[in-house]
Amino acid sequence: MLYLPGNNPNMLLRGHLFGPDGLVIDLEDAVSASEKDAARVLTREALRRGGFGRCEVTVRINGLDTGFWRDDVAAAVSCGVSGIRAPKVESPRTVLDLDEEISEAEEKYGVTRGSTKIFCLLESARGVWRAYDIATASPRVTAILPGGEDLAADLRAGRSKEGTELEWIRRMLIVAARAAGVDALDTVFPRVADDDGLRRETAFVKQLGFDGKSVIHPNQIPVIHEIYAPTEKEIETARRIVEAASAAAARGLGAVSLDGRMIDAPVIRGAEYTLARAGLSAEKV
Amino acid sequence: MEINAAKRKIPSRIEGYGETSGKLYEGAFARAPSGYRAGPRMRAAVPNGKSKVTGSIKEAVIASGLKSGMTVSFHHHLRNGDFVVNEVIRACAELGIGGLTIFPTALFDVHKAIIPCIQSGVVAKIMGSVNGAIGKLVSEGKLDTPVVLRGHGGRPRAVMSGDARIDVAFIAAPTADRAGNISGRTGKSACGSIGYAFTDAEYADVVVAVTDNLRSFPISPVSIPGVYVDLVAVTDSIGDPAGIVSGTTRVTRDPLRLLIASHASKLIEASPYFTDGISFQTGAGGIPLAVTAFMKEAMKRRGITGSFGLGGITGYFVDLMREGLVRKLMDVQSFDLEAVNSISADPNHIEISADWYANPWNRGAAVNMLDIAVLGATEVDVDFNANVNTEADGALLHGIGGHQDAAAGAKLTIIAQPLLRGRVPCVVERAHTVTTPGEVVDALVTEFGVTINPRRRDLLDAVADFAISKQTPLVPMDELAARAREMSGPMEPIRVTDRIVAVAEWRDGTVIDVVRQIER
C-alpha cells in the first residue's frame, strides 16, 4: 500500500501506475496544517475522477484529536473509498466515534452501509497494548498497523536500523490481529534508498505473518512484491494441495494426505491464499 | 507551398536556404544517391617542407587562408568544456573576418560566448544544432539566414555529396604530433572517440588540428592521420575537463523514469529481437540508461548476450562489456571517464566515425545493424512523428543528434518518455516540428504503458499476451492522446510568424520540416 501525499496532483494521478496493491491518500503527516483544506479538495477531485486501476483506495485522515477529521471522513466516504486509515488510535472509543461518523456519512452520501472499512494505526504504547480491543471494537476494522517514528518515540526507543525496538510490537500485533480476525499490515520502511534493508525487514515481517507492508516510495514496491510473491515451488505445492483436496471432496472424503502430510482445512486455506497471491485462482487450477 | 510526405507545409523557396522543389521529404528510404562524391582540393606536402605547427589559433587562422564568407567546421567531442569554437570565432573577429558560416556537429551552452559575434555579423549562418541561448536567439529571428539542422548521419552525407562544403575544419585535438596525427584518447583534454571529426578531416579544403598536447612524432594510436591535416595550432588549453567528460553515470532512482524504463524493457523482452546477439543503442539519458539496466537483468535471467552497443558510450556500457553481456562497443562519442579509459585500453571498444555510425549514403552504416533503439523526444504525435528539435514554446532546443539515424536503422525503435512534463503533454495531435517520421518509430512507452505503431502488426501480435502477464498495459494511441489532453487541459497554441528560422533535413538531405519564428 503506497502512501500518496494528498496535496500532490502528480502522485495522485500516477501512483497506481507503480503497481501497488493499494493506495493510501494521505491527508495527515504529508500535508502541512495550512494546506489541509486544499489537500482535501484535491483528494476529493482525484477520487471522483477515479482511474486508479486495480488498486484498493483508502484515505489516511487527520487524527480524531484535530479539527479536520470530520471533513476528511465526509470527503473520503462521499467518493466511496474502500477504507479510512485512522492515525494514532489508542482506544476502542476512538474506533466507535469514527464508526459513527462514517455511518452518518454513508447514509448522507448514499454509500452502502458498512462498506467503508477502518484501518487502525497504533502509534503509541497504549494503542498497541489495546490492539485486540481496538481490532474488535467495530466490524468495520479490517486491519491494524504498528506506527513507526511516533511509536518509537512513545517507547522512548528511537529508530534503529535493525528495527529492534519494534520487534516485540510486531509479534504482539500479529497475535492480536489473528485473535481478532483482522489483517496485520506493517509500517513503512523510511530509508528509501536502502533496498537491502527493506528486503531484510520485509522478509522478517512476512515470516512473522504480516499480510502486507506500507510504502512511502514507489521504488519500494517491487522489492516487497518480490518477497511476498510465492516461489515456483510454493505455487506448485499449493496447486497439488488444492487438487488433492478437490479430488478428495469429489470422492466424499473429509481429509486426505499428500506426500505423507495430512491435508486439512487450514492447509487448504493456506494453499488457496498462496495461489491467490500468485494471481491464480483455486478454481482455475 | 507544398506538402511533403510527413504532411508538413514547406515553401518552394526558403530565403537563405534555397529552392526546395525536388528536395522535399518523400519517405524514410525513398531517395538514393547518384553520381560521385564531392572532394576537397588536392594539396601536397614535400619532405623537409614548411612546418605544420603554428604558435596560436590566430596564426593558424591566418595560415589557413580563411576569408570572409567561408564555411568553418567544428566537432563537439569537448562538449560543454570546448574552448575551440569560441577561440576561433574570436580570432576571426579580431582579424576582421566576417560573414562566416559555422558548421559544427553540435553547439553547447558554453558557445553562447559567440552571441556577440553573431550579432555583429562575424557569424552569418549556422549549419548545425543550436540550443540554449543561441537557440533562443535563432528562434526569435535574430539570424538573417535559417539554421540548417542535420543529424549525425545527414551531416557527413551532406559533406560527401557536396551539399555542404567546408573551407576550413578546426579539429580540437586532445593529442597531436607535428605531422598532424590526431587522437582523442590521451592528454589533459582527453575525450575518447573523435568520430564526428573524421569526415571534416577528409573533406575540408584546409584542416587545422588545435591541440594543447603536442607529442613527439609519431603518436599512437592515431585516430585521424596527418595525411589529412594541414596545420597544427598549439594552444594552452582546448577545453575544460570538467565540461568534457561527466562523472560516473548512475542509473536514475526517479520512480517515474524507472517505471517507463521497466515498461520499455518488457517490450524489448517480449519482442522477437530479444535473442542472442541482440544489439542496441540506448544513449545516456535517464530513461534510456535505466532501460539498459533492466535489459541487463533480463539478459542475465534469460541467459543471452548482446553483440554490440552503439552510439554515445557511457561507463555503464563499458561495464556491460566487461561483464560479457555485450561483445563490442561501437563508439562515436565517449561520454564519461570510464568510456574514455576503456576506448584507450580495450580493442573491443571501437572508435567509429559519424559516417560509419549513421550516414545513409554509404555502403552500410552501423545503425543498419541495430536491433533496438531507445530514444527520447519532446513530443510524439498521433502519427508517431517525433519532435526533438523544438520545445513546448516552439523554441529550438535540441539538435537532431543520432535520433533519425538510429530510428531508421533499428528493427525496433522505441521512444520512451513521460506522458507529460510538468503540465505540458508529450503526446499531441500534431507535433510542432517533425524531426523523425512515424514511419520509422515503432513504439512509444510512457508511464501508462506501451503504445505500438499500428503499422507494426507483427509487433502487436508478438506482444499480444504481454499486457496481462507482465503488468505492462498496451495502450492504443488514441486513448493515450485523450488521456494526455484530459490531464493537461487545453493548451495555448504556439504562435509563430511565417518567417522560417530553421530547416530540418531528413538524413537523405530532403526537407522534413521547417521551424518558424516565434511570435513575441
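What counts as what
Residues numbered from 1 in each chain as written. Chains lettered and ligands numbered in written order. Predicted model: local features only at pLDDT ≥ 70, side-chain atom pairs only at ≥ 80, totals over all residues. Helix = DSSP H or I, 4+ residues; strand = E, 2+ residues; numbered from the N terminus. Rg over C-alpha atoms; globule rule 2.2 N^0.38 Å. Buried ≥ 20, exposed ≤ 12 C-beta atoms within 10 Å, placed from the backbone. Contact = placed C-beta atoms within 7 Å. Pairing = 2+ DSSP bridges. Axes fitted to C-alpha atoms, helices over the stretch in contact; angles between N-to-C directions. pLDDT = per-residue confidence, 0-100. Core = buried A, V, L, I, M, F, W, Y, C linked by C-beta atoms within 7 Å. Nonpolar A, V, L, I, M, F, W, Y, C, P; charged D, E, K, R; others polar. Domains from an automatic or database assignment.

Engineer: Quick question: what am I supposed to make of the overall build of chain A here?
Structural biologist: Along chain A, the regular secondary structure elements total 12 helices and 10 strands. Compactness check: chain A gives a C-alpha radius of gyration of 20 Å against a globular reference of 19 Å for 285 residues, within 12% of the reference. The principal-axis extents of the C-alpha atoms in chain A amount to approximately 65 × 45 × 35 Å. For chain A, the proportion of its 285 residues judged to be buried stands at 41%. Restricting to contacts in chain A with at least 6 residues of sequence separation, those with at least 24 account for 67%.

Engineer: How should the sheet that holds strand E19 (residues 349–351) of chain B be read in this particular structure?
Structural biologist: Note: strands within a sheet are paired through backbone hydrogen bonds, in either parallel or antiparallel orientation. Residues and elements named next belong to chain B. The strand order across the open sheet built from 8 strands is E19-E18-E17-E16-E20-E23-E27-E28, with neighbouring strands paired in mixed fashion. In this open sheet, the two edge strands, each paired with only one partner strand, are E19 and strand E28 (449–452). Averaged over all pairs of adjacent strands, the angle between their axes in this sheet comes to 20 degrees, without regard to strand direction. Pairing of strand E16 (residues 278–281) with strand E17 (residues 306–313) involves 2 bridges; the strand directions are parallel. Residue pairing across strands places Phe280 opposite Gly309, the latter belonging to E17. Relative to strand E23 (residues 412–416), helix H9 (residues 286–302) is tilted by about 125 degrees, and along the sheet it contacts E17, strand E20 (372–375) and E23. Against the sheet, helix H11 (residues 337–345) touches E17, strand E18 (326–334) and E19, its axis set at about 115 degrees to E18.

Engineer: Please explain helix H10 (residues 315–322) of chain B as it appears in this structure.
Structural biologist: Given 3.6 residues per turn, any residue in an α-helix points the same way as the ones three and four places further on. Residues and elements named next belong to chain B. Extensive coverage of H10 is indicated by the burial of 6 of its 8 residues. Those residues of H10 that fall on the buried side of the exposure criterion are Gly315, Tyr316, Phe317, Val318, Leu320 and Met321. Where H10 is buried, its residues touch H9, E17, E18 and H11. Immediately downstream of H10, the backbone of Gly324 shows phi near 80 degrees, a positive value.

Engineer: Explanation requested: the confidence of the model for chain B in the structure shown.
Structural biologist: Detailed reading of the predicted coordinates is not advisable wherever pLDDT falls low. On average, residues of chain B carry a pLDDT of 94, and 99% of them reach 70 or more. Predicted as a complex, the structure gets a pTM of 0.89 and an ipTM equal to 0.78.

Engineer: Explain the sheet that holds strand E22 (residues 386–387) of chain B here, please?
Structural biologist: The strand order E22-E21-E26 (chain B) describes an open sheet built from 3 strands, whose pairing is mixed. Two strands bound the open sheet, and with one partner strand each, they are E22 and strand E26 (427–428) of chain B.

Engineer: Would you take a moment to explain the environment of Ala238 of chain A for this structure?
Structural biologist: Residues and elements named next belong to chain A. Within the secondary structure, Ala238 is located in helix H11 (residues 232–250). Separated by 32 residues in sequence, Ala238 and Gly270 place their C-alpha atoms 7.9 Å apart. Among residues more than four places away in sequence, those in contact with Ala238 are Ala271, Thr274 and Leu275.

Engineer: Teacher, can you tell me more about the confidence of the model for chain A here?
Structural biologist: Per-residue confidence for chain A averages 91 on the pLDDT scale, and 98% of its residues sit at or above 70. When the elements of chain A are averaged for pLDDT, helix H12 (residues 265–277) of chain A gives the smallest value, 80, and helix H6 (residues 131–135) of chain A the largest, 98.

Engineer: Mind showing me how you'd approach the nonpolar core here?
Structural biologist: Most often, soluble globular proteins have nonpolar side chains that are buried together. In this structure, Cys120 and Ile144 of chain A together with Ile171, Val208 and Val210 of chain B are the most contacted members of the largest nonpolar core, which totals 236 residues. No other element matches helix H8 (residues 255–270) of chain B, which puts 9 residues into this core. Leaving out residues up to four positions away in the same chain, Ile171 of chain B has contacts with His75, Ile182, Ala197, Asp200, Ala201, Val207, Val208, Ala209 and Val210 of chain B. Membership of the second largest hydrophobic core comes to 7 residues, among which are Ile241, Val242, Ala245 and Ala271 of chain A.

Engineer: Which parts of the structure should I look at to understand the interface of chain B and chain A?
Structural biologist: In this assembly, 9 residues from chain B lie in contact with 9 residues from chain A. For the side of chain B that touches chain A, the element with the highest residue contribution is H8 of chain B, accounting for 4 residues. By residue class, the composition of the side of chain B that touches chain A is 6 nonpolar, 1 polar and 2 charged.

Engineer: Would you take a moment to explain the domain arrangement of chain A for this structure?
Structural biologist: Interfaces are often sized by the amount of accessible area the parts lose when they come together. Domain boundaries assigned for chain A yield domain 1 (2–228) and domain 2 (232–284). Here the C-alpha centre of domain 2 of chain A lies 32 Å away from the C-alpha centre of domain 1 of chain A.

Engineer: Is there a simple way to explain helix H4 (residues 132–139) of chain B in this structure?
Structural biologist: Residues and elements named next belong to chain B. Buried within H4 we find Ile134, Gly135, Leu137, Val138 and Ser139. Looking at the buried residues of H4, the elements they touch are helix H3 (115–119), strand E9 (147–149), strand E29 (496–505) and strand E30 (511–518). Downstream of H4 by a residue or two, Gly141 has a phi angle that is positive, lying close to 80 degrees.

Engineer: Looking at this structure, how should I read the domain arrangement of chain B?
Structural biologist: Residues and elements named next belong to chain B. Per the domain assignment, the segments making up chain B are domain 1 (50–244) and domain 2 (255–493). Once you take the C-alpha centre of each, domain 1 and domain 2 turn out to be 30 Å apart. Of the residues lining the interface, 32 residues belong to domain 1; the matching set on domain 2 comes to 32 residues. Of the residues forming the side of domain 1 that touches domain 2, the biggest block, 6 residues, is contributed by helix H5 (residues 154–161). Its residues assigned to classes, the side of domain 1 that touches domain 2 comprises 10 nonpolar, 17 polar and 5 charged.

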